[in-house]
Amino acid sequence: MTNKVIFSRRKIIAASAVTALTMATFSAQAAQWPDKVVRMVVAFPAGGPTDTIARLIAQKLSSRLGQQVIVENKPGASGSIGTDALIKSPADGYTISMFGMPALIAPIIYKNNLYDSRKDFTCVSTVYDLPYVIVINPEKLPGVENLQQLIAVAKTKDINYSSPGTGSIGHLSMEQLKDLGGFKMEHIPYKGSAPAITDLLGGQISVMYADLIAAMPHIQSGRLKAIALGSPDAKTFLPAVKSISEQGFKGFKSSSWSGLIVPNGTPAAVITRLDTELKRILSEKDTKDRIEKVGALAVYQSPEKMKARLVAEYTRWNKVATEKSIFAQ
């Protein structure tokens, strides 16, 4: 046997030993996890629905894990900044993140985005769904009571609609609906839901595909009229309003949602523990009630189902954005 062959075998044996040692180390660390503070990155501003629900989940995880889970807000670029920070964090279970739909869509509409939301992190479980609703200014569209009546008006006169920004779920959903219904409506993008709804209330805008949290106070006051729910689940909040699916677009469903993610390479035992605890937390009546009070719905899905949902949403909205040339600067 030549020295070259012997040297190669020794290299293989040494590499195998290092791999085995690394795996053993990770297993030992996972078994002890957590033995220090866990950081939960929230890629959205403090005080918003994602932040509010993330703090609730962090509090309940702290109690179950026996270690403090602290929330760290890293907002900006539709959730890209916080998500990128999570991806670049050590895969040791001590950095987790509440991931939302804007961060899923960001790589589709922003050029040179830093990550691929289909593969650059690992899913743990979904946490909540945020229902959407089509609302109108009743003074701008008198007599419109449902989606089909809105479409009929849109086919005979110029109507505009607002969204929180180019490539937002409200924007993409309306663009898909326009294609399905064969009608036109001019998109007016804003920088956030608040100014978009302000102009809707003021009469500068006629329609909005809005998240229920932002729209609900104005629906309750009568200043806005809800004419179609983005998903049947939203009937929890507006039982008298029919969904888009019930109004001629069978199977149409569009809402925002969030879930927990970790860096790729995080030990499987850590992911399993987080998934198990989240499943328990989200089944509790107290958790469901508190999330519903925010205006959302507690929704648990396993890591596999969350990943499948994420990929399906990415495929759907990438198709809409590509066909409509929806790209942000």
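Residues numbered from 1 in each chain as written. Predicted model: local features only at pLDDT ≥ 70, side-chain atom pairs only at ≥ 80, totals over all residues. Heavy atoms only, no water.

Caption draft 1: Spatial organisation of the environment of P142. Turning to its location among the elements, P142 is positioned in the loop between β5 (132-136) and α5 (147-154). For the pair P142 and W317, spaced 175 residues apart in sequence, the C-alpha separation works out to 32 Å. (Helix = DSSP H or I, 4+ residues; strand = E, 2+ residues; numbered from the N terminus.)

Caption draft 2: Expanded view of the nonpolar core. Membership of the largest hydrophobic core comes to 78 residues, with the highest contact counts inside it found for M40, I57, I134, L150 and V207. Residues contacting L150, with those up to four places away along its chain left out, are I134, L141, V144, I159, M185, V207 and I227. Of all hydrophobic cores here, the second largest spans 23 residues; its members include L201, L212, A215 and M216. (Core = buried A, V, L, I, M, F, W, Y, C linked by side-chain atoms within 4.5 Å. Buried < 20%, exposed > 50% of the residue type's maximum accessible area, 1.4 Å probe, protein only. Contact = heavy atoms within 4.5 Å.)

Caption draft 3: Quick look at the side chain of T126. You can see T126 is positioned in strand β4 (residues 122-130). Within the structure, T126 has its side chain in polar contact with the backbone oxygen of V299 (distance 3.0 Å). At 2.8 Å, the side chain of T126 forms a polar contact with the backbone nitrogen of Q301. Aside from chain neighbours lying at most four places away, what touches T126 is W257, S258, G259, L282, V299, Y300, Q301, M306 and R309. (Polar contact = N/O pair within 3.5 Å; in protein donor to acceptor, adjacent residues only side chain to side chain.)

Caption draft 4: Region of the structure containing the sheet that holds strand β3 (residues 95-100). Read from one edge to the other, the open sheet built from six strands follows the order β2-β1-β3-β10-β4-β11, with strand pairing classed as mixed. Either end of the sheet is taken by a strand with one partner, and the two such strands are β2 (69-73) and β11 (297-301). Within this sheet the neighbouring strands show an average axis-to-axis angle of 25 degrees, counted without direction. With four bridges joining them, β3 and strand β10 (residues 256-262) adopt antiparallel strand pairing. Looking at the pairing, G100 lines up with S258 of β10. Taken strand by strand, helix α9 (residues 268-283) contacts β3, β4, β10 and β11, and its axis lies near 20 degrees from that of β4. Strand contacts of helix α10 (residues 285-294): β4 and β11, with the helix running at about 125 degrees to β11, the strand carrying the most contacts. (Pairing = 2+ DSSP bridges. Axes fitted to C-alpha atoms, helices over the stretch in contact; angles between N-to-C directions.)

Caption draft 5: Layout of the sheet that holds β5. Here five strands make up an open sheet; going across it, the order is β7-β6-β8-β5-β9 and the pairing mixed. A strand with exactly one partner marks an edge of an open sheet, and here the two such strands are β7 (186-189) and β9 (225-229). Ignoring which end each strand starts from, the neighbouring axes of this sheet average 30 degrees apart. In terms of strand pairing, strand β6 (residues 160-163) meets β7 through four bridges, oriented parallel. Looking at the pairing, S163 lines up with P189 of β7. Where helix α7 (residues 193-202) meets the sheet, it contacts β5, β6 and β8 (207-211), and its direction lies at approximately 145 degrees from that of β8.

Caption draft 6: Molecular detail of the packing of aromatic side chains. Applying the stated rule across the entire model yields three aromatic pairs. Summarising the aromatic geometry, the rings of Y132 and Y209 are spaced 5.6 Å apart at their centres and angled 25 degrees between planes, so their arrangement reads as stacked. One end of the pair, Y132, is in strand β5; the other, Y209, is in strand β8, and 77 residues separate them in sequence. Taking relative accessible area as the criterion, Y132 reaches 8% and is therefore assigned buried. The ring of Y94 carries the charged tip of K36 above its face, separated from the ring centre by 4.7 Å. (Phe/Tyr/Trp six-rings, centres within 6.5 Å; stacked < 30°, edge-to-face > 60°. Lys NZ or Arg CZ within 6 Å of the ring centre and 35° of its normal.)

Caption draft 7: Inspection of the packing of helix α2 (residues 49-65) against α10 at higher detail. One way to put it is that α2 packs onto α10 with a least axis distance of 10 Å and a crossing angle of 165 degrees. Here α2 is positioned roughly antiparallel relative to α10, judged by the angle of their axes. Helix-helix and strand crossings are classified by hand; for α2 and α10 the assignment is right-handed. Contact residues: P49, T52, I53, L56, I57, Q59 and K60 in α2; D286, T287, R290, I291 and V294 in α10. Class assignment of the residues belonging to the contact of α2 with α10 gives a composition of six nonpolar, three polar and three charged. (Parallel < 35°, antiparallel > 145°, perpendicular 65-115°, else oblique. Left-handed = near helix turned anticlockwise from the far one by under 90°. Nonpolar A, V, L, I, M, F, W, Y, C, P; charged D, E, K, R; others polar.)

Caption draft 8: Focus on the pairing of β6. Burial along β6 is two-sided: the face carrying N160 and S162 and the face carrying Y161 and S163 are both buried. Pairing analysis gives two bridges linking β6 to β8, with the strands arranged parallel. Within the sheet, the bridge partner assigned to S162 lies in β8 and is M208.

Caption draft 9: Looking closely at the packing of helix α6 (residues 169-181) against helix α11 (residues 303-324). Where α6 contacts α11, the two axes come as close as 10 Å, and the packing angle between them is 70 degrees. Classified by the angle between their axes, α6 and α11 sit roughly perpendicular to one another. Contacts between α6 and α11 pair I169, L172, S173, E175, Q176 and D179 from the former with R316, W317, V320, A321 and K324 from the latter. Classifying every residue of the contact of α6 with α11 by side-chain character gives five nonpolar, two polar and four charged.

Caption draft 10: Here's a closer look at the pattern of salt bridges. One pass over the full model with this rule turns up 21 salt bridges. Here D129 ties to R309 by a salt bridge, and the two come within 3.2 Å at their closest N and O atoms. One end of the pair, D129, is in strand β4; the other, R309, is in helix α11, with 180 residues separating them in the sequence. (Salt bridge = Lys/Arg side-chain N within 4 Å of Asp/Glu carboxyl O.)

Shape is all these values report; function is a separate question.
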